[in-house]
Amino acid sequence: MIRKALEKDLDEVEAIYHEVLDFEAANGSYTNWQKGLYPTKGDAEKALREGTLFVGQDEAGRLYGSIILNHIQPKEYANIPWKISAENDDVLVIHTLCIRPNSSGKGYGREFVAFAEEYARKRWCKVIRLDTYEGNQPAIGLYSNLGYELAGKCLFHFQNVIWENLVCMEKSMHV
C-alpha cells in the first residue's frame, strides 16, 4: 500500500536512504547519490511539509520505499527537447524513488510508478517527467518497460555540488 507519509515515517525513510547508499557502497553505485548530501532526512522532511512525500508499506507495516511527487522541474530541464509541451502545473515530476535493497525485485518500483501515474491523472497532469543518473540501468529499464520515453540527456549540477549526466524521460498521461 502506498500512502502519504506521516511525521512518524521520517526516521524509517532516512533509514531506507542509508540502506540504499550502504548497499551501493558495498556493491557499486547506480544512483550516484551521496551519503550526507542526497537524499537526506532533510529532503524527506521538506517533502513531508509540502505534502509530496509518499511511502510504501507492506502487510507487516514495514516501509519498503518512498517517492516524492511534485511539479518542480530542475532548471536543467530547460535544456531537454521534451516531446510533450506542458506548463509547470501540468507536469508531475518523479523524484527520489527509493526501494529498500532487501525489498527489490518484488514489483514495488512498478507499484510506485503506477501510483504516480494515477496521482497525475487525478490532477489532470498532461505528462510525467523524471531524470535518473545515466548509470542507473535498473531505473532506466523500469521506466522504459513502463512506457516512458527518452527525451534527452543533460549535464546537471546536482545540489550545486555533483556534476553528473542525467537521462530525462517522459510519459504522456493522455493515452
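Structure: see above.
Calculation criteria
Counting restarts for each chain: residues are numbered from 1 in the order of the written sequence. For a predicted model such as this one, the threshold for reporting local features is a pLDDT of at least 70, and the threshold for listing and counting side-chain atom pairs is 80 or more; totals across whole chains, interfaces and linings nevertheless cover every residue. Only hydrogens and water are set aside when side-chain values are computed; all heavy atoms of the structure are taken into account. In this description, a nonpolar core means a group of buried Ala, Val, Leu, Ile, Met, Phe, Trp, Tyr and Cys residues linked to one another through side-chain atoms lying within 4.5 Å. Partly exposed residues are those whose accessible area sits between 20% and 50% of the maximum for their type, while under 20% is buried and over 50% is exposed, using a 1.4 Å probe and protein chains only. Under the scheme used here, helices are H or I runs from DSSP no shorter than 4 residues and strands are E runs no shorter than 2 residues, and both carry numbers assigned from the N terminus. For this analysis, residues touch if any pair of their heavy atoms sits within 4.5 Å. Note on aromatic contacts: the rings of Phe and Tyr and the six-membered ring of Trp form a pair at centre separations within 6.5 Å, being stacked when their planes are under 30 degrees apart, edge-to-face when over 60 apart, and tilted otherwise. Lines fitted to C-alpha atoms define the axes here, with helix axes fitted over just the stretch in contact, and angles between the N-to-C directions of these axes take values from 0 to 180 degrees. Just so you know how the angles are binned, under 35 degrees is roughly parallel, over 145 roughly antiparallel, 65 to 115 roughly perpendicular, and the rest oblique. In this scheme the handedness of a crossing depends on how the near helix is turned from the far one: anticlockwise by less than a right angle means left-handed, clockwise means right-handed. Lys, Arg, Asp and Glu make up the charged group, whereas Ala, Val, Leu, Ile, Met, Phe, Trp, Tyr, Cys and Pro make up the nonpolar group; the residues left over, Gly among them, are polar. Criterion used throughout: strands pair if DSSP finds at least two bridges between them.

In this structure, Leu69, Ile94, Leu97, Ile128, Tyr143 and Tyr148 are the most contacted members of the largest nonpolar core, which totals 27 residues. The set of elements that each furnish at least two residues to this core consists of β3 (63–70), β4 (91–99), α3 (108–122), β5 (127–133), α4 (137–145) and β7 (162–172). At six residues, the largest contribution of residues to this core is made by α3. Setting aside residues no more than four positions away along its own chain, Ile128 makes contact with Leu92, Ile94, Ala116, Glu117, Ala120, Tyr148, Met169, Glu170, Lys171 and Met173. With 17 residues, the next largest nonpolar core counts Ile16, Leu21, Leu48 and Cys98 among its residues.

What follows concerns the packing of aromatic side chains. A complete count under the given rule lists nine aromatic pairs for this structure. Note on Trp33 and Tyr38: the rings are 6.0 Å apart at their centroids and 80° apart in plane angle, and the pair reads as edge-to-face. Of the two residues, Trp33 and Tyr38, both sit in the buried class. Ring centres of Tyr77 and Trp82 lie 5.1 Å apart, and the angle between their planes is 55°; this geometry places the pair in the tilted category.

Interaxial distance between helix α1 (residues 10–27) and helix α2 (residues 41–50) falls to 9 Å at its minimum, and their mutual angle equals 135°. Between α1 and α2, the angle falls in the class oblique. As α1 packs across α2, the resulting crossing turns out to be right-handed. Residues Leu10, Asp11, Val13, Glu14 and Tyr17 of α1 pack against Lys41, Ala44, Glu45 and Leu48 of α2.

Once that is clear, we can look at the environment of Asp89. Tracing the backbone shows Asp89 in the loop between β3 and β4. Accessibility expressed as a relative area gives 59% for Asp89, which makes it exposed. In the structure, Asp89 is positioned 75 residues away from Glu164 in sequence and 27 Å away in space, judged by C-alpha atoms. If sequence neighbours within four positions are ignored, Asp89 has contacts with His71 and Cys125.

A word on the packing of α3 against α4. Viewed as axis vectors pointing N to C, α3 and α4 meet at an angle of 50°, and their least axial separation amounts to 11 Å. In terms of axis orientation, α3 runs oblique to α4. Considering the relative orientation of α3 and α4, their crossing is right-handed. Contacts between α3 and α4 involve Gly109, Arg110 and Val113 from the first element and Leu142, Tyr143 and Asn145 from the second. A breakdown of the residues in the contact of α3 with α4 according to their chemical character gives three nonpolar, two polar and one charged.

The buried count for β3 comes to eight of eight residues, which makes it a mostly enclosed element. The sheet contact formed by strand β2 (residues 53–57) and β3 spans five bridges and is antiparallel. Directly across from Phe54, in β3, lies its bridge partner Ile67. Between the end of β2 and the start of β3, which pair antiparallel, lie five residues, with Gly61 showing a positive phi angle near 90°.

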